[in-house]
Every structure is written in structure tokens, then in C-alpha cells.
Amino acid sequence: MNTITLPAHFDGTQIRLDVPFQMKPNTRLIVTVLPETETDQERKIWSELSTEGLSRAYSDDEPDYPIDLIKEANVDYAGADVILTPIPQADGTVKNRPAVVLRALPPFQDLLICGISTQLRHEAKGFDEIIAVGDNDYVGSGLVSTSLIRLGFLAVLPSSKIVGKIGSISAARHQRLLKNLSEYLAP
């Protein structure tokens with residue numbers, strides 16, 4: 001096998017590849033630890049702030065999203081993808097929660113996402129979107145129950161903070177979300 005360089009990160013427990021790559025057990029590796037730059041530290045701080053704000057979109061009685069729901073991990077995420085990201089809970093635990101990717105943002109391709117919750121009573125009519133069991137894109141979304149796409153709970157996260165993709169919403173729903181957000185932000 002030829003030598004290959006792969007981007008990876010340390011998540012605090014394990015070294016994780018940022019791109020999919022198959023290796024045999026006991027494959028020999030050389031790990032090079034790169035120094036943190038000021039930009040890396042700034043992105044980390046903003047990511048933590050985003051995650052903290054996003055956590056408010058969820059309640060303690062949300063359904064669990066186990067890791068086996070992941071259809072693709074370490075992919076180039078795109079708008080309309082439904083992803084799982086670890087979110088700190090009020091009791092200190094961390095649970096995987098669904099979110100939808102709205103856009104990848106320059107210059108690092110960090111992801112603008114919004115939370116998806118089962119708390120339908122919090123719907124902002126004309127702004128959020130309910131995705132229900134009977135909707136044509138529900139099955140493909142990977143969601144486990146009727147849910148509310150909460151456009152008011154936005155976060156910008158690096159793809160390294162995404163556990164994986166569980167599905168996607170329809171292009172039409174994705175466009176409506178972008179339209180709702182852009183109309184709200186317009187002066």
C-alpha cells in the first residue's frame with residue numbers, strides 16, 4: 001500500500017478520520033499532531049457557543065437517535081441532509097440529536113444547521129416546518145417521529161462535530177426553509 005495522508009481530529013477520546021477510508025486491523029500508522037492556530041481556537045469557541053445555543057431547541061423527553069441510524073459518516077454534507085450531532089443535555093449527559101444542514105459556509109465549509117425537535121407546540125407558524133409521518137420526505141429523512149424543524153435554532157458547526165447523516169429532507173422543503181430564513185433576515 002502506498003503512503004496516504006488523511007485529515008483527522010482527536011475528539012477527546014479517539015482519533016477520528018474526517019474522510020471515509022477502509023483499513024485492515026493493525027494497519028501501521030504515523031500520527032502527526034498539528035499545532036493549533038488562532039483560527040482553530042476561534043472556530044472551536046464559536047462551535048461551542050453554537051452547540052450551547054442549539055441545545056435549547058431540545059427537551060429532555062426527545063426520542064433517542066442511536067448511532068446505528070447513521071447511513072453515512074464523514075461525508076461531504078450538503079443542504080437538506082439530516083444529520084446527528086452530539087448535544088449536551090441539562091443533566092450533563094450528551095445525546096445525539098437531529099438537525100438539518102442548511103448550507104456549507106466559506107471559508108472552511110462549516111455547516112449552518114438548524115435543530116429538529118419533537119416539541120411541536122413550539123412551532124413558529126410560517127417560519128418553522130413540521131415534518132410528519134405522512135409527508136413524502138418523512139421516510140427518507142431518517143427521523144423517528146413527527147418533528148419540528150426549528151429554524152430559530154441555528155448553529156454553525158465544523159463537519160468534525162457531526163456524527164453522521166441519517167437521511168435528507170426534500171429539495172422543496174429545504175428551499176422553503178431557506179426562503180423563510182432569508183425573508184426573515186431581509187430588512
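If you're wondering where the values come from, they're calculated on a predicted model, not measured in any experiment.

S.K.: Help me understand the sheet that holds strand β6 (residues 129-131), please; the structure alone is not making it clear to me.
M.R.: What the six strands build is an open sheet, ordered β6-β7-β5-β4-β3-β8; its pairing is antiparallel. Edge positions in the open sheet fall to β6 and β8 (164-168), since each of these has one partner strand only. Strand after strand, the sheet turns through a mean of 45° between neighbouring axes, direction not considered. Across seven bridges, strand β5 (residues 110-117) lies against strand β7 (residues 147-157) in antiparallel orientation. Residue pairing for β7: Ser-117 is matched across the bridge by Leu-148.

S.K.: How should I be thinking about the pattern of salt bridges in this particular structure?
M.R.: Side chains that differ in charge, positive against negative, can pair when their charged atoms come close. Evaluated as defined, the whole model comprises eight salt bridges. The salt bridge involving Glu-72 is made with Lys-165; its shortest N-O contact spans 3.6 Å. Of this pair, Glu-72 sits in the loop between α1 (38-54) and β3 (81-88) while Lys-165 sits in strand β8, placing them 93 residues apart in sequence. Look at Lys-165 and you get buried, because its relative accessible area is 16%. Between Asp-137 and Arg-173 there is a salt bridge; the shortest N-O distance is 2.8 Å. With Asp-137 in the loop between β6 and α2 (138-141) and Arg-173 in helix α3 (residues 171-185), the pair connects residues that are 36 residues apart, well separated along the chain. Assessed through its relative accessible area of 6%, Asp-137 is described here as buried. Connected through shared salt-bridge partners, Glu-129, Asp-135, Asp-137, Arg-173 and Arg-176 make up one network.

S.K.: Even after reading the chapter, I still don't get α3, so can you show me in this structure?
M.R.: Because each turn of an α-helix spans 3.6 residues, side chains separated by three or four positions end up pointing in the same direction. Between the first and last C-alpha of α3 there are 21 Å, a value that for 15 residues agrees with the 21 Å anticipated at 1.5 Å per step. Along α3, the positions that sit buried rather than exposed are Arg-173, His-174, Leu-177, Leu-178, Asn-180 and Leu-181. Each buried residue of α3 lies within a common arc of 160° when the element is viewed along its axis, so the set occupies one face. The inward-facing, buried residues of α3 contact β4 (94-105), β6 and β7.

S.K.: Is there a simple way to explain unusual backbone geometry in this structure?
M.R.: Generally, phi is negative for residues other than glycine and the peptide bonds are trans, each holding for most cases. A cis amide bond links Pro-106 with the next residue in sequence, Pro-107, at an omega value of 0°. Positioned with a positive phi, Ala-80 is a non-glycine residue whose angle comes to about 90°. Take Ala-80: it is sitting in the loop between α1 and β3. Of the residues examined, Ala-80 reaches a relative accessible area of 9% and is grouped as buried. In this structure, Gln-109 is a non-glycine residue whose phi angle is positive, near 65°. Locating Gln-109 in the fold gives a position in the loop between β4 and β5. On the basis of relative accessibility, which here comes to 47%, the residue Gln-109 falls in the partly exposed class.

Rules and cut-offs
- Along every chain, residues carry numbers that run from 1 in the direction the sequence is written.
- Totals for whole chains, interfaces and linings use every residue, but because this is a predicted model, local features are given only for residues with pLDDT of at least 70 and side-chain atom pairs only at 80 or more, for both listing and counting.
- In computing side-chain properties, one takes all heavy atoms of the structure into account and sets aside hydrogens as well as water.
- Any two strands between which DSSP finds at least two bridges are classified as paired.
- For the purposes of this entry, the term helix denotes a DSSP run of H or I that reaches at least four residues, the term strand denotes a run of E that reaches at least two, and both are numbered from the N terminus.
- Lines fitted to C-alpha atoms define the axes here, with helix axes fitted over just the stretch in contact, and angles between the N-to-C directions of these axes take values from 0 to 180 degrees.
- We define a salt bridge as a side-chain nitrogen of Lys or Arg found within 4 Å of a carboxyl oxygen belonging to Asp or Glu.
- Under the scheme applied here, a residue whose accessible area is under 20% of the maximum for its type counts as buried, over 50% as exposed, and between as partly exposed, the area being computed with a 1.4 Å probe on protein chains only.
- A helix's residues, less one, multiplied by 1.5 Å, set its expected span.
- The reported arc concerns the directions from the helix axis to the C-beta atoms and nothing else.
- Residues count as neighbours in contact if any of their non-hydrogen atoms are within 4.5 Å of one another.

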